[in-house]
Every structure is written in structure tokens, then in C-alpha cells.
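# Structural overview for review
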Amino acid sequence: MNLVRFRWILQWVILGLFVIGSSEAAFRHVFRTSAQDGFAKRNRQLASAQKYDPNYKGQFQLDTSSITFSDGILSGILQKQVPGNMEEILFPFTISFLKDGSTRFQLDEKRRLEGNVDYDGAKIRKDRFDVAQYHDLGSRIHIDTEHPEVTTHNKKLLKVDYGNNQQFSMVLHFQPFMIEFLRDGNVEVVLNQRQLLNMEHYRPRSERSQKDESLGMWEEKFDNILDSKPRGPESLGLDISFIGYKHVYGVPEHTSSLSLKETNNSETGYTDPYRLYNVDIFEYEVDSPMSQYGAIPFMQAHKVNSDVGIFWSNAAATWIDIEKDASSTSTHWYSESGKMDVFIYLGPTALDVYEAYSGLTGRTQLPPLFSIGYHQCRWNYFSEEDVQTVDNTFNEVDMPYDAIWLDIDYTSGRRYFTWDEATFPHPQETLKKLDSNGRKMVVILDPHIKNDPNYFVSKDLLENDFTVKDSSGVDNYNAECWPGDSIWVDFFNMEGQQWWGDLYSYDRFKGSDKNLFIWNDMNEPSVFKGPETSMHRDAIHHGGWEHRDVHNIYGHECINSTYKGLIKRDHGELRPFILTRSFFAGTNTLAASWIGDTLSTWEHFRGSLATVLTNGVAGMPFSGADVAGFFGNPDPELFVRWYELGIFYPFFRAHAHIDTKRREPWLYGEPYTSMVRNLLGIRYRLLPTWYTTFRTTHMTGLPILRPQFLVHPADELGFDIDDQFYLGDSGLLVKPVLEPGVSETAVYIADDETYYDFYDFDEMKGKGKHVVPASLGRIPILLRGGNILITRERIRRASELTINDPYTLYIAVSGKTGSASGELYMDDGTSFEYEKGAYISRKFTFNDGVLDVFDTHPHPQSGVRYAESMKHLKVERIKLIGDNHQKIKIHKHGMSGVKSWDVKVNTDGVVQKPNLYLV
Ligand SMILES: *[C@@H]1O[C@H](CO)[C@@H](O)[C@H](O)[C@H]1NC(C)=O
Ligand SMILES: *[C@@H]1O[C@H](CO)[C@@H](O)[C@H](O)[C@H]1NC(C)=O
């Protein structure tokens, strides 16, 4: 939320009076369209020329004599043809074959690589920004020197077979220059099929022409703000085609559909490409390719039993056009600056793609257990008494929650790392009181710093000179934000990162304690009255990078600093929890995110689901939306429906704008309070399943919420379904109600397995749509036959208080085989000891009346110690679903062999006290 918004809200209201129905367009003008972004216009012009100009030719010619191949890397040189330019403009490229089966295409301009350019004394770098190098991804990139092998090399092409069993091939076509990627002999992905490859070459400012001006090459004004462009044009672009793929997913963050739409198409209504440019966009449009707060340039394509993916490693403003024909999808990517660096993943399964991609950019953090419980936030809880009352009321009304949150107004005049002395005089006492119920507090701290010589953070920041600079490269970048006149921390300065991290230490952040965690907001960065609500693109960061080069990873660097600070604060003994609004590929290793400033409307509520699913597919799975919408006052129906879906957001937090009515979960009164209590109960009962799912995601890169296409990869009818999903591998299929006034809904079942209703175990079977009851408060949840669901049925005040509680197993047998299986992961929920083996991992299988329990964790020393300490953990109840054995046998497999015993099943299919200890 920002101040500019008050201006917009006014405009919005006034405009709304005149132009009923088009209120959303009222703030659209704050953000650029592609036609208002010079480099996008130029790259789109190429695409139009390619389509309509019969004489269109690509700009690059391969020098075939330059090609070399050795040790898993193919190199060569492209020459750019520029009419009227006699000089040779050279672009070296490489194609690297990596051990994980992926390939990497890199391209840069020779002159810039060599630093042989002149920017009229501007205090900026000569080379192009390289995300992978900056992010230190080198240690994760392993060239395969063993398998790749040139199998054909003639006048027209060069072919390399690669991958573990030479399953993949790359064919480099010389004229025109084009790169095909094949799996088992079939072309899957093609680079430059449409000859849209572009990299704007260096030219001195003195050569600028009239035409350049109209294309925004040397300077550009938007919203009356000048971008000085000291390096002139330097954009890069490439078309990437997915052959035989009608569905592509990813490139968050947008409120669009899960299966991405064609851009520039009157049928989809999209005239602009999907845009990646982190901005503080409030009350955003639903069903739109406009940029939001985060940017992940990862795309996945799916067809029957086949997946491929692309990672476009670039942190500058990026646009992606999507076009489809009857069988394939062609995409066109262009960025404002930086190197060209593209990773290509050939699957064949989605898991293969995720493993390789997250192996590069980083696997999702295994968060502290408390953070997957319920979070209670609002702007603002105004005082210690307020916090106390809310906390106590949760106990009185018998509802669980794990963390209470403070927005900007707990600080002294929006000076972060301070507390308002009048309203929060005893933060540590408040924290202790929360801790007595296992609860936490999360407070907001933003990267803009009040420019105030009497404020210790500001003083220190200025003295150390860790600020972002304006286009002069010398003066501090100064603008308005929450505290008024502000300066910004430069996270591209490693010492600055450390300085920011150290602010979280207990002696610097007075009043903080071990159960205090962090929310970094406004880190796109948000700048009031800045261009598109953000920082000037010609502002300068440490190392001479322009803001334009690094815009989309500013937030990521902020979060990394915070993460390292929290690790240091607690001597590496506690897992940090951080919420971020802005993110890039890899932020998932550090933090959770939410989708920003929604409206309390059905439209925004519906939009939140596809957004959260897409974030998950692209590697930011610990994501959620404000329950029940940020702006406005939801009616009771929307309020309850939003909690219904909220309990299935991986990140589950209630939040509301300062001008909204109070809406803690009990305030709507009965029957709504009971409905919400039941829903919170479902979340907390399922915490063992959630935690196991987070562990799987942490290990594999698979999303937490699995869209239909991932679970049923051969069922084409499910490829564009984005209003239902599965929770990890649990077999839970959730179909939220997303519209008002209904009491039932239809869930789509993709296979001929038996599905059981989660509430009454009613059976459902048959491919197709099934109508299920969905009265208010009852979100349709099905359990797919063949799964064992693991819960903890006791609801306590907070998740931490449940870790010694016994489990219940719901054995839902397959309608086809009568068997079922499930997994359980658990550890202490707070520390990093699990990395040393201190965890419990069990697999349960049920077959013909026999329940086998396997220890799936080979025990190192610390694992044994941990397991010893959990000897009391047991299963207290087993419920058989779809099975009518009256007696079952339990086989517990351990180091010392198998222990077996029989247990009796009562008439409800329940085994009470099966005497099954996990350790
Ligand atoms: C977008 O569509 C219009 C109208 O069909 C066409 O003139 C234009 O060239 C298209 N642009 C691109 C980038 O394909
Ligand atoms: C965080 O910063 C450190 C350097 O201080 C770097 O090694 C690490 O890769 C960064 N992590 C991420 C996720 O960017």
C-alpha cells in the first residue's frame, strides 16, 4: 500500500462516477504498456516485420569457421548485419551441455565483453549484467564433459547427442541460425525459429538519429519522468518455440489463468505481452498480463506425458509474447539490458524439469513449522493492549493461530528497527506472553529508510555510504516513501547486505527476541511518485550497475540480506521466517510471499487461486493471498469462502487495510464464527501432511499445490483446469467454491479411481464432473483412493504445541487394488538439525488387511538421537475407508527386523489405540 494510492483512490472514485464499469482502467496509466516501453516496441516491431514483411531476414549470420566443440561446450561467433555499417559487429555465443541434462545458451557482444566502449564518463559498468554470475550459480552448474558428442557436422548443421543415455540432441542450423532441441528424435524446443534473435549493439551517443528518438533509444519519458539511458539501446530478444505443446505455464507474477493466454490476440483480450517488472500495483486488474510484485522468468510447457522448460536468466524489465497455432506455442522474450542466458530443460517428466531448474536456482526452504500454521495480521494492531486482546480472544473462542503481525505503525514514525514508545513500550514482555502459548510475532521492516540524521539506522547508512545513488552515481537516491523523505539500502553492496543483516541482531534491534520474525515489504522497490511506483531505471547501484540491470532482483537481494542476518542473529540454530512481497527465481530458498494488495471482491478472490498455483509451478510455492482480501469489507459469505480457500494457501494469513472494519475470525458472529473455527481446525489437523509436502518440495522442486495437469499428465481435459488442485502427494483433491450464492459445485475427476468425500467418506467414481455438496463453511475436499492421509486431531493453541501429539491414519483404499500408501516426515520444526539427519521419515502401505510401516530414513548418529527423543510418538487411531476388514495386521519394520501384531477394527472401520509407536 502506498501514498500515491490515496491520489489514485480519489481519481478512481471520481472516474468511477463517470465511467461506470471501467474503474480498473483508472490506474492503468501509472504503468507502461509495451508500446510505451521503447525496447519492447522495438522488439515487437521485429516480430511484426517477421510476420508481414516478405523480405524479413534475421540480423545474425553465423561464421561457420568459428565453431568449436570441446569439453561439453560448443562455441561460435555470430555477426550482426547492420545496413550502412561497415564494421564487423561480433557476438560470441556458447551452448553448454550440463550434467543434469539441461543446456545453456549464452550470447554477448564482443566489444562489451572486452570493455571497449565509452559512455561519456557515466559512472556505470561497461559489461552486461549476468544474473548467474552475480548469484554465484557457478557452483551449481556442472558441465557434462562425458556424454555430449558431435554425431553430425556438415555444411548445413552440427548435431550433438547428449544426456545420460544420449536421449537428447541439439541441432545447430547454420543458415539461418537456429537451434533445435530433440528428445528421442523429436523436436521439442527451438530457439530462433522465427529469427527474432536480437541484441542491440554498442554505438556511441554521437550517432543517435531522429528515428532513434521515436523509438526511445537514448532517452525516454514516461509519466513526465525522464530516463537518461546513458548506454543507449541494449535490449536483447529471442523467440522460443515449444513444438507440439498447446499449454505453457509459469512466468509469475500475474493474475491470469494457469495455462497462459495468447498475447496480442482479440480472443483472449490481451493486447500486451506478459510483463516481468516488479511493481507496487494496488487493486490490480484480474485476468491481465500486467506486472505485479514478483518476477520469475521460468516457463514450463506440457503435453501428454511430456514436459519441457525454459529459464531466461535476466533481471531487467522483460516482456513475453505468446502465440499459439493448432499444435504448438511460440514465445518471444525480450529484456531491456543484461546478457543473454537461457537454460533449456527437456524433461521428459515435470519432475525432471523441476529438479534441474530448482537445482540451479535453489530449492524451497523447509520453513519452520509455525509458519505453515495460521497468521493473524492487519494494518494495524495499534498497541500492546490490542495485541494482547486479540491473542486472548483466540484462546477464549478456541481458535488456533501461530503468529500475530504488526504493520508499519508499530514503529516510531516509520523508523524501522524502533518501536513506538507510547503504544509498544514493552515489546519483549509481549513476545514472552506470546511465547508462553508457542506463538510468534512478525513485524514489518522495509528497505526504504527515513532520511533523518537523528535516526540511528539512517545515520549509520549514510556514514557507511551503503545507499543507492541517483543517475549521477554520486548523490543519494532520494524520494518519498512511508516515512516521507527516504533513502534506500543498496543490497548490491555486499558490505551493505551485511550491515542490513546485522541490524536484526538482538542488540541493534532492541526489543526483539527469538520468537520475532520478519516481513520485508515494499521491496520491488516501491517508491512514491517514482516511475511506475518504483525506482528510476538510471539510478546507480554499487559496482556501477544501473537499476535497470538489476531491478527484478533488488527484492531478492534484500531478502537474502535479511535471511543471512537472521541466521547470524540466532547463530544458525533457528530457521528464519521471512515474508517478502517482491521475488525472483531463487527467493523461494529464503522466504514466503503473498500476492499483494487484493480487493475483497469475488473477482480478486477467484484470481488469487491461479496466481498462487502459477507461483508454485514457477518455483515460488510458499505463497498465499490476504484472507479475506486487503481493501474493503467482505460480506460474511465471501469472508467464509475466503477462509475455505485460505486454509489451502501454502502461506495462510489474514490481513486487511487500515480503513477496513475489524475482522478477526470471530467478529462476524454465528454461524460464521463456527465455520471459520472448523476451517482453521482442518488446516491444523492436516499440518503433518502439509509439513511432509513442504519436505517433498524442499527435496525435489515440485510445487506444494499440484495443478491437475501435474497429477494427471496424460489427461488433456485437465491441462487448463485452474480452479481445483491436489495437496502434494497426499491424494487430497480440493475444489474451492469461487462464486457467491451456491451450495454445491462440480469437481472434475480425471481417472477411474474411487474418490472419498473428506467429511463423510461418501464414494465417488468415474471420469468426469461430479456434483458435490458445498454449503457455506464446507469446502469440497476429496481423498483419492490409494492414499493414506496422516493427521493430528487435537487442536491446540499453536502448531508448536502439537509436536508430541499422536497421529491418526486415514487409509483410503484404491477402488481398483484395495491397497493404499502414504508418507510422513517430521523433525523438530525449528532448527537445521534435519540437515544432519535428525528427522523421522516413515512410509505406510496397506494391502489386503496388512499395514506395513517402513523406516525410510537411514540413521546417522544425530538421527538416532532425535528418534530416541521421540519414542513416545504414536498412532492413536486408524480409520479404514472403502475397506471392511474386521481385523488388520500391523508389520513394523525396523533395524531389528519386523514386529507384527493384530488389531481389531470396530464397526465404523476404526482401530482405536493400535499400539503403534513410530520409533
Ligand atoms: C499484433 O496484432 C496486430 C493486429 O493483428 C498486428 O498488426 C501486429 O503486427 C501484431 N504484433 C505482433 C508483435 O505480433
Ligand atoms: C545470498 O548471498 C550469499 C553471499 O553472501 C550467496 O552466496 C548466496 O548464494 C545468496 N543466496 C541467494 C539465494 O541468492
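Computed from a predicted model, the values in this text were never measured in an experiment. (Residues numbered from 1 in each chain as written. Chains lettered and ligands numbered in written order. Predicted model: local features only at pLDDT ≥ 70, side-chain atom pairs only at ≥ 80, totals over all residues. Heavy atoms only, no water.)

## Section: the packing of helix α15 (residues 672-685) against helix α16 (residues 687-700)
Look at α15 against α16: their axes get within 5 Å of each other, and the N-to-C directions meet at 50 degrees. On the basis of their axis angle, the class for α15 and α16 is oblique. Along the contact surface, α15 presents Arg683, Tyr684 and Arg685, while α16 presents Leu687, Pro688 and Trp690. (Axes fitted to C-alpha atoms, helices over the stretch in contact; angles between N-to-C directions. Helix = DSSP H or I, 4+ residues; strand = E, 2+ residues; numbered from the N terminus. Parallel < 35°, antiparallel > 145°, perpendicular 65-115°, else oblique. Contact = heavy atoms within 4.5 Å.)

## Section: the pattern of salt bridges
Applying the stated rule across the entire model yields 66 salt bridges. Salt-bridge contacts for Asp805 lead to Arg796; the nearest nitrogen and oxygen are separated by 2.7 Å. (Salt bridge = Lys/Arg side-chain N within 4 Å of Asp/Glu carboxyl O.)

## Brief notes about the sheet that holds strand β34 (residues 705-707)
Taking strand neighbours across the sheet as the criterion, the six strands line up as β34-β35-β36-β41-β38-β39 in an open arrangement whose pairing is antiparallel. Looking at strand neighbours, the two that pair on one side only are β34 and β39 (763-765), the edges of this open sheet. For this sheet the average axis-to-axis angle between neighbouring strands, irrespective of direction, equals 35 degrees. Direction of pairing for strand β35 (residues 725-727) relative to strand β36 (residues 732-734): antiparallel, over a ladder of three bridges. Its bridge partner lying in β36, Phe725 is registered against Val734. (Pairing = 2+ DSSP bridges.)

## Thoughts on the UniProt feature "domain: Glycosyl hydrolase family 31 C-terminal" (unreviewed entry) in the chain
Under the UniProt annotation, the feature "domain: Glycosyl hydrolase family 31 C-terminal" (unreviewed entry) is placed at residues 701-789. As a span, residues 701-789 carries 4% helix and 39% strand, and end to end its C-alpha atoms are 22 Å apart. (UniProt positions renumbered as here; feature names shortened; annotations may be inferred.)

## Section: the site of ligand 1
Near ligand 1, the surroundings consist of Arg44, Ala47, Ser48, Lys51, Tyr52 and Asn264. Contact distances for ligand 1 include 2.7 Å between an oxygen atom and a side-chain N or O atom of Ser48. Between ligand 1 and Lys51 there is a distance of 2.6 Å, counted from an oxygen atom to a side-chain nitrogen or oxygen. Contact with the protein chains removes 60% of the 360 Å² of surface that ligand 1 exposes when unbound. The residue makeup of the shell around ligand 1, split by class, is two nonpolar, two polar and two charged. (Near = heavy atom within 4 Å. Polar contact = N/O pair within 3.5 Å; in protein donor to acceptor, adjacent residues only side chain to side chain. Areas by Shrake-Rupley, 256 points an atom, 1.4 Å probe, with all protein chains shown as cover. Nonpolar A, V, L, I, M, F, W, Y, C, P; charged D, E, K, R; others polar.)

## Focus on the pairing of strand β47 (residues 874-881)
Of all eight residues that make up β47, six are buried, and the element is covered over most of its length. Bridge count between strand β43 (residues 807-812) and β47: six bridges; the pairing is parallel. Pairing of Leu809 across the sheet is with Ile878, part of β47. Across five bridges, the pairing between β47 and strand β50 (residues 910-917) is antiparallel. Each bridged residue has a counterpart across the sheet, and for Val875 the counterpart in β50 is Leu916. (Buried < 20%, exposed > 50% of the residue type's maximum accessible area, 1.4 Å probe, protein only.)

## Re unusual backbone geometry
Note: most peptide bonds trans; most residues except glycine with negative phi. Cis rather than trans, the peptide bond between Gln175 and Pro176 has omega equal to -5 degrees. In this structure, the amide linkage connecting Glu524 to the following residue, Pro525, adopts the cis form with an omega of 0 degrees. Relative to the helices and strands, Pro525 is located in the loop between β27 (516-520) and β28 (540-541). The phi torsion at Thr533 lies on the positive side, around 65 degrees, for a residue other than glycine. With respect to the secondary-structure elements, Thr533 resides in the loop between β27 and β28. Since its relative accessible area comes to 2%, Thr533 is described here as buried.

## Re the domain arrangement of the chain
Domain annotation of the chain identifies domain 1 (34-361), domain 2 (374-446 + 494-532 + 551-705) and domain 3 (711-919). A straight line from the C-alpha centre of domain 1 to that of domain 3 covers 43 Å. Contacts between domain 1 and domain 3 engage nine residues on the former and seven residues on the latter. Approximately 690 Å² of surface area, both sides summed, lies buried where domain 1 meets domain 3, with 62% of it carried by carbon and sulfur atoms. In this structure, the connection of domain 1 to domain 3 is made through four residue pairs in polar contact (both at pLDDT 80 or more). Looking at the side of domain 1 that touches domain 3, the elements that each hand over two or more residues are β14 (247-250) and β16 (298-303). (Domains from an automatic or database assignment. Buried area = accessible area lost by both parts, 1.4 Å probe.)

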